[in-house]
Amino acid sequence: TAIIGCALDGTILSWNAAAERMFGWPTSEAIGQPVAIITPQQHHGLLQPLFEQAARGEPVGQIEDWYLRRDGTRIDTAGNVVVIRDANSEPVFFTLTLWDITYQKQLEREVRQKAQDLLETQQQFEQLAEHIPQAFWITDMQRKELIYLSLAHEQIYGKRFSSLQSVWPAWRQAVCAEDRERVLAAYREMGSRGLDERFRILQPDGAMRWVHARGFPVRDANGTVYRVVGTVEDITER
């Protein structure tokens, strides 16, 4: 942890070994310099208000900011400011304590970027899924639940989209009784065998349609199936 002692005007009075390692300034060169030697130009002057706040006896919470090493590279830090007072309770100097959180901040930035990339990928996927002639679906095999269903299912099943997403999805109820046992058994095994079934469904108005359902297992790095993605296509005319 870097511990930097500063005069009331921000002049560096003390500079420990950790500060040397963190910022690259040897103690002999850092002492007597303004603390601004570690702040980027756009941040010059930001520490002084914190010093003044501490001098007034107001609490200064944890500070997260970034500073500059001597070679100009960035370092992310967390820290705090403590005011040192004399016997008359007058502020004499400040102690700025900083610890390096560059690695954590880099991880946070990477997570945010991956989340943004994932969101953009999801949006692109949904745009694609809603513009193909087949209905598209994704099942989470760990939770045993449907996690994505494209709107094209409404046209195939003749049922409202919300009903098709219910706990006991309406598409199962729509399968003709003669085909239902075979179809549901195939869906139960799709995690290991995939899915390739043709069967009949009944729409709410009594019209019978033939559909072709396909499912493809998706495995994680350990080879475990954690998703099945698939399509449903109306093949009545065929």
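Please refer to the structure higher up on the page.
Below: a short report on this structure.

Conventions used here
- What you see as residue numbers is a count from 1 along each chain, following the sequence as written.
- Local features are withheld for residues below a pLDDT of 70 in this predicted model, meaning they are given only at 70 or higher, and side-chain atom pairs are given and counted only at 80 or more; totals for whole chains, interfaces and linings count all residues.
- To get the side-chain values, all heavy atoms of the structure are used, and hydrogens and water are removed first.
- Secondary structure elements follow DSSP: runs of H or I of four or more residues count as helices, runs of E of two or more count as strands, with numbering from the N terminus.
- Categorising residues by exposure relies on relative accessible area from a 1.4 Å probe, with only protein chains included: less than 20% of the type maximum marks a residue as buried, more than 50% marks it as exposed, and the intermediate range marks it as partly exposed.
- Contacts are residue-level and defined by heavy atoms, with any inter-residue pair within 4.5 Å sufficient.
- Areas reported here follow the Shrake-Rupley algorithm with a probe of radius 1.4 Å; residue values treat only the protein chains shown as occluding.
- Each patch is built from residues lacking any salt bridge and having more than 30% relative accessible area; the joining distance is 9 Å for like charges and 5 Å for nonpolar side chains (Val, Leu, Ile, Met, Phe, Trp, Tyr).
- Just to be clear on terms, a salt bridge is a Lys or Arg side-chain nitrogen sitting within 4 Å of an Asp or Glu carboxyl oxygen.
- An expected span of 1.5 Å times one less than the residue number is assigned to each helix.
- Relevant arc is that of directions from the helix axis to the C-beta atoms, nothing else.

Quick look at the overall build of the protein chain now. When helices and strands are tallied, the protein chain shows nine helices and ten strands. The burial tally for the protein chain puts 37% of its 238 residues in the buried class. Taking the intrachain contacts of the protein chain between residues at least 6 apart in sequence as the baseline, contacts between residues at least 24 apart amount to 41%. Carbon and sulfur atoms make up 51% of the accessible area of the protein chain, which amounts to about 14,100 Å² in all.

Quick look at a nonpolar patch on the surface now. Together, L202, M208 and W210 make up a nonpolar patch on the protein surface, roughly 270 Å² of accessible area in all. Positionally, M208 belongs in strand 9 (residues 208-219). Residue M208 is classed as partly exposed on the basis of its relative accessible area, which comes to 39%.

With that settled, consider helix 8 (residues 177-188). In a regular helix each residue adds 1.5 Å, so twelve residues correspond to 16 Å; helix 8 covers 17 Å between its end C-alpha atoms and thus fits that length. Within helix 8, burial applies to D179, V183, L184, A186 and Y187. Summarising the axial view, the buried residues of helix 8 lie within an arc of 155°, below the 170-degree limit, and thus occupy one face. Within helix 8, the exposed residues directed more than 90 degrees away from the buried face are E181 and R188.

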